Structures are given as structure tokens and as C-alpha cells.
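Spelled out from the first residue to the last, the chains are:
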Amino acid sequence: MEDLMNLKDEGNKYFQSGDTDKAIECYSKVIKTCKDNKVLAVIYRNRSACYLKKENYANAASDASKAIDVDAADIKALYRRCQALEKLGKLDMAFKDVQRCATIEPKNKTFLETLRRLGAEIQQKLKTTFSTDSRVQNMFDILLDDEMEKDKREKAANNLIVLSREDAGAERIFQNNGVPLLLNMIETGKAEMILAAVRTLSGMCTGHKARAMAIIHMVGVDKMCSIMAVDNEEIALATCNLFQCINDSLTGGDKREYGKEEALVLDAAKDLKTILLSLLEMVASKKVSGNGRDQALNLLSKNVPRNNKKDRDNSKTLFTIDHGLKKILKVCGQVPELPDQLPMTENTQLIASVLLNKLHDDLSCDPERDNFRDICDEYIKSKIDPNDMDKTIHAVNTISGLLQGPFDVGNALVGRQGIMEMMVALCGSEREVDQMVAIEALIHSSSKMSRASFIITNGVSLLKEIYKKTTNEKIKIRSLVGLCKLGSAGGDDYGLRQFAEGSTEKLAKQCRKWLCNPKIDTKTRKWAIEGLAYLTNDADVKDDFVEDETSLKAMFELAKSTDKTIMYSVACTLVNCSNCYEKKEFLPELVQLAKFSKQHVPEQHPKDKKDFIDKRVKRLLKAGVISALAVMVKADSSILTNQTKEMLSRVFLALSMDAKDRGTIVAQGGGKALIPLALEGTDAGKTKASHALAKIAAISNPEIAFPGERVYEVVRPLISLLQTDKDGTENYEALKGLTNLAGFSDKLRVKIVKEKALPEIENYMFEDHEQIRQAATECMCNLVSCKEVQDRYLEDGNDKLKLMILLCGEDEENLQIAAAGALAMLTAAQKKLCLKMTVVTTQWLEILQRLCLHTNSSIQHRGLVIVYNILNSDNSELAKKLMESELLEILSVIGKAEDNPKRQGAIDAARECLIKAMDLGLIKPFSSPS
């Protein structure tokens, strides 16, 4: 028993010192072995206090209840349970507990105040509940009344959607028979009613696991799939969002503590499996519209592969491959020009290829990859039939889909005996569709240089022949793109040109001609951009292209169209034109060695030098590239892959290099467009987008560049650039951007502090690099008006204040302005810091005198404000010490100076100091003898 009491006392000590985890550990050990109910009640009561402190309210209420079971009048346990229940939203139960407390101790002010407050909250809640209930019923009455005016029904629909996005509102809709009424709205078959109902259901499912599971069972997965299958883009997208909200809530988006109810809502695996199987069924169903199929593929792409490769469980991917890979391959193999094909949009097949790529990337070992390849191989073999050309071109189109997705799988299948020969034979077919499918497959199969060199020898003559002979524009343009791709196999290496001088320019000229021809359909014009994406590796081609404003504008208009398959080609073309691709750096010694040993050395084209690149960037901006980029970034589709996002980020960074162009970028919506690129994608892409954001944030008005709440989303990407693995330019630009944001509003300063930026900024104040140190100090200067920052300077055991004082003594004027400004604000806000600055360094007085004597009036003014703050710090000894130093003479000289608009701030500050010194009785006014 003695050991248990020692453990209890140890727990109490930990609790008093603030170490609640250790306290809980001690109390839990006592609970395991103690048999005395009275002692147990005390321990449960104490552990309840720990849980309250840790904001674990469900456990706090549970432990307090166990203490009350032993002693119903345990006033501490009752009040702790009351506090926990209040936080859990169970106000009526909390009210009963505090009522019992007030009965036991009727004069306790805390109990009486809590009783009054909870009573008022319960009344307000009842009032709100009744009014919300009647509002919900009224909204449904309006929506389901066919004779009601259209604008009233629209308003009721919008109000219902807004209400569902608040947890309390969603609960009221749910409790008031909302789901059956929403189903009635769906059954009307009217698009606006279906949209309102689906969006309301999405709000109700967001972040609430129990409600999401209830809605799945009340509505039914099949019903939701049938809604998504309709031929209406908006409804398909809204239903896709509903599925996503359900998935997020069931897989960890709900952070609520359910307590005893947890068992009822715990296992969502069965529902998630049902949803996955239903989506796979939709992929290859003829009853599903193109838009519905796109969204089913998008949902699979987003939720099946692992987001983090460190998570070893890829069972969802393996399940999808076993039950749905052939269905996805079927979509890839569709040939829209043939009869009896699945309904599709222009984006469907590329979305399917992206999904195949993500599934293949998510496989973790060779047997899994072999299984994937074998299923693909078996599927393609089953489709090749010499007697049925339609089935054969389905197989070839499936290979094209794989080449655009998991290239290695597609490449391995192309290498199978007879496949390439079959593709070449199809090129010579008399049917237009056979030629189109075969040429596209040839184009996709030449994505790697080794494969390109094989096709250069075998396929160039064939493509040239088709190009010359055919009169069909669709075939002509595809064969031209094949030639473009083969012509660019050497990349931007001037010494590895595949074709004769001038050939690539001719190909590009023809591509531009097709691109600008509005009579040609969008799908065919898309291939012209595909050709330019390859040919713009050549500097002559990209220079000619950016000079042709009509072609640029035609490309940008296509980039804004509903056909999202064009995005990758446009991004590639823009990356090439702005030269923002990753460049290999070669050591001069190795280059010399390679030349000596007669090895190939990559050569730079004369038009790939900086002045040519700058001109091309200006041309792109003038033609309206930003508005096209902004539309591409908003694409809500898995076609916007991380690789495409990275390319768009690179383009944005290249466009924002010149400060003069940043206003144009902001005016055309570039600032807003960069935020999602900085938050999602590859590490390199996020860094590039964050860097571009930093450049814009450093010199723009945040209110204009990032309107509304978006400005708060900019903070995290900028802070990510402060990490030590980022280069100095990125650190510097991020600090400048944060400085501008910190100077804008107190809410932004608080956001910067909450995102844990202070330690990073403080580290850069020690930096050897002058400009980075200055930028960090300027940033800190704008942050010191924040209470949390001031508290860090008040803390003992650090050199923060000492560093700031020493920075005031540096020779660099801009650094002095920032450091002295920060010190002036700190000493004005926290009087204790006036004394602390005299303790942390013996040089404080010498530095202060140097500030007050400075020839720069801005620095001098800040120094004099610090002097005034010390005089005003209620520390008579410190004030006296100041006036006994040379500072009195300095103040007198400055204060007696004649008014001067250029130095008036410093003169006025010196006079204020002298007046304050007189008020304190430290100096007397000078009076001449009569």
C-alpha cells in the first residue's frame, strides 16, 4: 500500500509541474493494482484532471464517473465531469452535474457562475434548434412545391447547402427526416434539384463518420452511382465530391471522440469495399455517361493508390488490379470512331492511362509487377484477331493507353514478336481509323531514345510516305507529329539533331498552320500542339513560335477548353519556350576530357542564351499565358498529374523572374493559381511554385495578389522555403515575402507564428550572408508587435535580445534600421525588456549612443525612441544612469536643433526624451539670469 501511495504522490508532483503524461502513467499503475475503492476514487478523480488538461474529454468524463460511483457527493469529480461533458457538447448532462455541485456548496461563486452560463447556453441552443428545425422544414416545403417560384426554390436550395456545411445544421437536417426528403428531390429528375440534394448530402457527410455511414445505407451506393452515371457534367462532379467526402470521413477525416458509441461506427471496411467494387463496375459499363466514367476513374485514381509509400499496405491497389484492371484496359482500347463503343469524353482515355500508371507505381515488388504485366498481356492477346480488324485496333489502342501510362509495361508489350509489325501493317491499311490508331501507337511508343532510334530506322520512311500520300488532314497531322517526335529525340542538344538543317523548322511551321486553322476539329488541332511540344526542344523552333502571336493565342485558347488531354503538351511546350527544364551541369574539366577522348559533348544553341530566353518570356506574357495557366491549374481531373503540376510551377517561376512582370501575373490571376501548385505535387514542383509565390508576395499588395482568405494559404509555402536544404535565393525571397505579409495585418502575423516560422527566421538572423541576415531581421521587425513574439524575448535563457542589440551596432544601414525598429517596438510594448537589455550585453549603452548619433535620420529616430522607452519604463535607476551618460548631451544637441522636415522625427523624439527626463526630475530646465 505504501508503494501505491508513493506512486500517487509522484503522480501529483508530475501534475503540478505540468507533465500530465507522466502523471497519467503513475495514476494508471495505481489503478491496475489498488483494491481500496476510496483510494481508487481519488486516483480516478486526479486522472480525470489530467485528461481535462490534455483535452481528452471522453476519458476525463469516464474517470470522473468512476469516482462518482464510489462517492456520489464527490464535488471535485462532479465538477470535472461537468467540464468534460460541456466540451463534448452534452450541455444538459453538464448542467445536472453543476446543479448538484451548487446544491452541496450553495455559496461557491464558480459553481453558480457555471450554472448560470450553462442555463443560458441550453436556452439558446433550444431556441436555435427549434428555429433551425422549422427553417429546414420550410426549405424542403419550398423545394418540393412544383408551383413555387424558381428564384425562391433556388434560394432555398442554396440555404440548405450552406446549412449542411455547419455541423449543427447538418445534424438538424439529418434528424428532421432530411435524407428521405433529399431522395424525393433527386426523384424529381430535375437537374437543379438533384444538384442541390447531392451537395447537401456532401455537406452532411463531411467529417462525420457516423452520419456518413448512415447516409450510405439510407441512400444506397447503387443509387449514388446511378446519379453519377447521368449525362450531366455538374451532377457527375457533385456526386464524385459526395463519394470523396464519404471516403474521407470513413478513412480518418473524422476526429470526433465517440466514447461508448465508437463500436457502432468503427468498422467501415465493408462500405468502402462496396464503393470500390461499384466504381470498378461503372468503369466499363455502357449505361454510364462519359462524365460519369471520368469521375469514377478520378475517384479510383485519388483513393486507391497509397498517398505515402512508407505505408506498406497496398492491398487496395492489388484488389483493384485483380477485379478491375481489364475494365480499365477496356476503356483505354475504345476507338470512338467505331460503332458500339463506351460513352466517353475527350478526357476519359487519358484519365484511364493516368490511373494505370498510378496503380503500377503503387506496386511494391517484382511478382506484383509481373502479375500486372501478365494481365495486360493476356488481355491484348485475347483481342488480336487477324479476321476481325476492329478487335485488333482495340488491342493496339490499349497498348497506346499503356504507353501513355505505365510506359515500361507498354514498351515490353510493343517489343513482343509481331506487335510492331502489326502496327506498321495497320499504317498501310485503307481504313482511316486503322491508320489513325496505328500512327498514334507509333508516336507513343517512341517516347524513349532507344525506341526512337529503332523507329527512326524503321518508321520514318513509312511516316513520310503516309504524310505525302494521304489527303486526310487527321492522318496527315498524326504522321507529322510522329516525324516531329522522332526529329526531337536528341532533346535540346544542338549536336544531336536527328534531321537535316531546317527540317524541324518546316515541320513546326506546318504544325502552327494547323493549330491556327479553326476549321479543323479540336482533337486534330491538339495533335499540332503535341508536335510543337517535341519540336520546341529546338531553339530556332521555339524562337519562331513565340514570335507568332496568333499561334500562341490559339494554343492558349485550346488550353482553356474542356479537353484536358492537351495540358501536358501545352505545359511541355511552355517549359521548352521558357527554358525552365532541369539542366545538367557539367564540370569544365570533364567537358575537356570528353572532347579529348572524342566523346559526344552536349552543345547549347546560341538562341538558348539568357537574352533570347528573356525575350521569349516577355512574348509569352504579352500573348496571355497567365490566364491559360490559371485555367489549367483549376482542372479538377487526375489528368493534372504531379508531373504536369511541376512543369506549370517551373513556367510560373520563369515568368516571375523579372519584378516588372509580377504585376501582370497578379492582374491575370497568377497569384491565386500558384497556391494549389505550392501545396500539392512533387517536392520540386512545390518548391518552384513556392519560390514564385515568394517573389510575388515580396513586392505585391497581399490584398490584391491573394484576395480574401487565400492570403493565409500563402504562409505555409513561404515557410517551407526557409528549410536549410533550400538554396540561399529561396531563403532570401521567402523572408522578403514573409516580411511583406507580416507588415500587412495582425492576423497574418499570428498565422506566421502559429506555423512555427520563428525558429527558422531567428536562425537566419545569425546567417553570414549579409542580405539573408538583413531580410530575416526585417521580417522579425514586422513580427515583434505580435504578443507571442514579445513573450519569446521576455523568456530567460536565450540570446534573442542580445542578438537584436548587437545587430543595431552593425555597419549595414538597412540592417540597423530593421534591428533598431524591432528593439524600439519591443521596448515600447514590454517595459521589462528595457532593464533586460542592460543585463544581456555590456555594449548596450555604446550601441545606443551610436544609434542616436547616426547620420541616417531613420536610424537616429529609432535610437531616440528606444531612449524614450527606457525613460518611460518605470525604472528610476536605469533612467538616472542614462541621463548621467553622454546621452544627455546628445539629446540636448539634437533637441535644440532647428526644425528640419528631413530630420523632424528624430528632433521631436529627442525633445520628448528631454521633457520626460524633466518630468522624472532627472534634469532641470535651463533658465538664464535676469
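Residues numbered from 1 in each chain as written. Predicted model: local features only at pLDDT ≥ 70, side-chain atom pairs only at ≥ 80, totals over all residues. Heavy atoms only, no water.

A. Here's a closer look at the overall build of the protein chain. Scanning the protein chain from N- to C-terminus turns up 55 helices and zero strands. The 930 residues of the protein chain split such that 53% are buried. Across the protein chain, the fraction of contacts at a sequence separation of at least 24, relative to all contacts at a separation of at least 6, is 68%. By element, 50% of the accessible surface of the protein chain is carried by carbon and sulfur atoms, the whole surface being about 44700 Å². (Helix = DSSP H or I, 4+ residues; strand = E, 2+ residues; numbered from the N terminus. Buried < 20%, exposed > 50% of the residue type's maximum accessible area, 1.4 Å probe, protein only. Contact = heavy atoms within 4.5 Å. Areas by Shrake-Rupley, 256 points an atom, 1.4 Å probe, with all protein chains shown as cover.)

B. Molecular detail of the environment of Asn576. Within the secondary structure layout, Asn576 lies in helix H32 (residues 567-577). Its relative accessible area of 7% is what places Asn576 among the buried residues. In the structure, Asn576 is positioned 71 residues away from Met647 in sequence and 10.0 Å away in space, judged by C-alpha atoms. If we skip the residues at most four places from it in the chain, Asn576 touches Ala533, Thr536, Asn537, Lys542 and Tyr581. At 2.9 Å, the side chain of Asn576 and the backbone oxygen of Ala533 are in polar contact. (Polar contact = N/O pair within 3.5 Å; in protein donor to acceptor, adjacent residues only side chain to side chain.)

C. Highlighting the pattern of salt bridges. Across all of its chains, the model carries 46 salt bridges by this definition. A salt bridge links Arg117 to Glu86; the shortest N-O distance between them is 2.5 Å. Separated by 31 residues along the polypeptide, Arg117 in helix H7 (residues 109-143) and Glu86 in helix H5 (residues 75-87) bring together distant segments of the chain. Between Glu187 and Lys223 there is a salt bridge; the shortest N-O distance is 2.7 Å. Of this pair, Glu187 sits in helix H10 (residues 178-187) while Lys223 is found in helix H13 (residues 221-228), placing the two residues 36 residues apart along the sequence. Given a relative accessible area of 53%, Glu187 falls into the exposed group. Here the residues in one salt-bridge network are Glu86, Arg117 and Glu121, joined through shared partners. (Salt bridge = Lys/Arg side-chain N within 4 Å of Asp/Glu carboxyl O.)

D. Looking closely at the packing of helix H30 (residues 539-547) against helix H34 (residues 610-622). Running from N to C, H30 and H34 point in directions that differ by 35°, and their axes come no closer than 9 Å. Seen from above, H30 lies across H34 with left-handed handedness. Along its contact with H30, which presents Ala539, Lys542, Asp543, Val546 and Glu547, the element H34 presents Phe612, Arg616, Arg619 and Leu620. Across the contact of H30 with H34, the residue classes tally to four nonpolar, no polar and five charged. (Axes fitted to C-alpha atoms, helices over the stretch in contact; angles between N-to-C directions. Left-handed = near helix turned anticlockwise from the far one by under 90°. Nonpolar A, V, L, I, M, F, W, Y, C, P; charged D, E, K, R; others polar.)

E. Here's a closer look at the packing of aromatic side chains. Summed over the entire model, instances satisfying the criterion amount to one aromatic pair. Pairing Tyr79 with Phe111 gives two aromatic rings, centres 5.2 Å apart and planes at 50°, and the pair type is tilted. Taken together, the residues Tyr79 in helix H5 and Phe111 in helix H7 connect sequence positions 32 residues apart. As far as the burial class goes, Tyr79 and Phe111 line up, both buried. Between the NZ or CZ atom of Lys53 and the centre of the ring of Phe15, over which it lies, the distance is 4.9 Å. Lys615 extends its terminal NZ or CZ atom over the ring of Phe612, reaching a point 5.7 Å from the ring centre. (Phe/Tyr/Trp six-rings, centres within 6.5 Å; stacked < 30°, edge-to-face > 60°. Lys NZ or Arg CZ within 6 Å of the ring centre and 35° of its normal.)

F. Molecular detail of helix H28 (residues 503-515). Look at H28: 19 Å from first C-alpha to last across 13 residues, which is about the 18 Å you get at 1.5 Å a residue. For H28, the full list of buried residues reads Thr504, Leu507, Ala508, Gln510, Cys511, Arg512, Trp514 and Leu515. (Expected span 1.5 Å × (residues − 1).)

G. Quick look at the state of the cysteines. In total, this model carries zero disulfides according to the counting rule given. Here Cys50 stays free of any disulfide, with the sulfur of Cys26 as its closest cysteine sulfur at 9.4 Å. We classify Cys50 as buried; its relative accessible area is 0%. No disulfide involves Cys101; its sulfur sits 6.7 Å from the nearest other cysteine sulfur, which is in Cys82. (Disulfide = S-S within 2.5 Å.)

H. Looking closely at the nonpolar core. Core analysis: the largest hydrophobic core is formed by 260 residues, its most contacted members being Leu655, Tyr793 and Leu882. When near neighbours in sequence (up to four residues on either side) are disregarded, Leu882 contacts Trp844, Leu845, Leu848, Val867, Ile870, Leu871, Leu887 and Leu888. Leu40, Ile68, Ile75 and Val98 belong to the second-largest nonpolar core, a separate cluster that totals 35 residues. (Core = buried A, V, L, I, M, F, W, Y, C linked by side-chain atoms within 4.5 Å.)

I. Looking closely at the environment of Ile890. Structurally, the position occupied by Ile890 is in helix H54 (residues 887-896). Ile890 sits 337 residues away from Lys553 along the chain, and the two C-alpha atoms are 66 Å apart. Ignoring anything within four residues of it in the chain, the contact list for Ile890 reads Gln849, Cys852 and Leu853.

J. Structural detail: the side chain of Asn303. Relative to the helices and strands, Asn303 is located in helix H17 (residues 290-303). A polar atom in the side chain of Asn303 sits 2.9 Å from the side chain of Gln244. What Asn303 contacts, discounting residues up to four positions off in sequence, is Gln244, Asn247 and Lys316.

K. Geometry of unusual backbone geometry. Even without being a glycine, Asp340 presents a positive backbone phi close to 60°. Turning to its location among the elements, Asp340 is positioned in the loop between helix H18 (315-333) and helix H19 (348-361). Phi at Asp874 takes a positive value of approximately 65°, unusual for a residue other than glycine. Positionally, Asp874 belongs in the loop between helix H52 (857-871) and helix H53 (876-883). On the basis of relative accessible area, Asp874 is assigned to the exposed category, the value being 66%.

L. View of the confidence of the model for the protein chain. Averaged over all residues, the pLDDT of the protein chain equals 86, while 91% of them reach at least 70. This model gives residues 258-263 a pLDDT under 50, and the stretch forms five contacts once residues within four places in sequence are excluded. (pLDDT = per-residue confidence, 0-100.)

M. Examining the packing of helix H9 (residues 167-175) against helix H12 (residues 209-219) more closely. Two numbers describe how H9 lies on H12: the axes approach to 12 Å, and their chain directions differ by 35°. Helix-helix and strand crossings are classified by hand; for H9 and H12 the assignment is left-handed. In this structure, H9 contributes Asp167, Ala170, Glu171 and Phe174 to the contact, and H12 contributes Arg211, Ala214, Ile215 and Met218. By residue class, the composition of the contact of H9 with H12 is five nonpolar, no polar and three charged.

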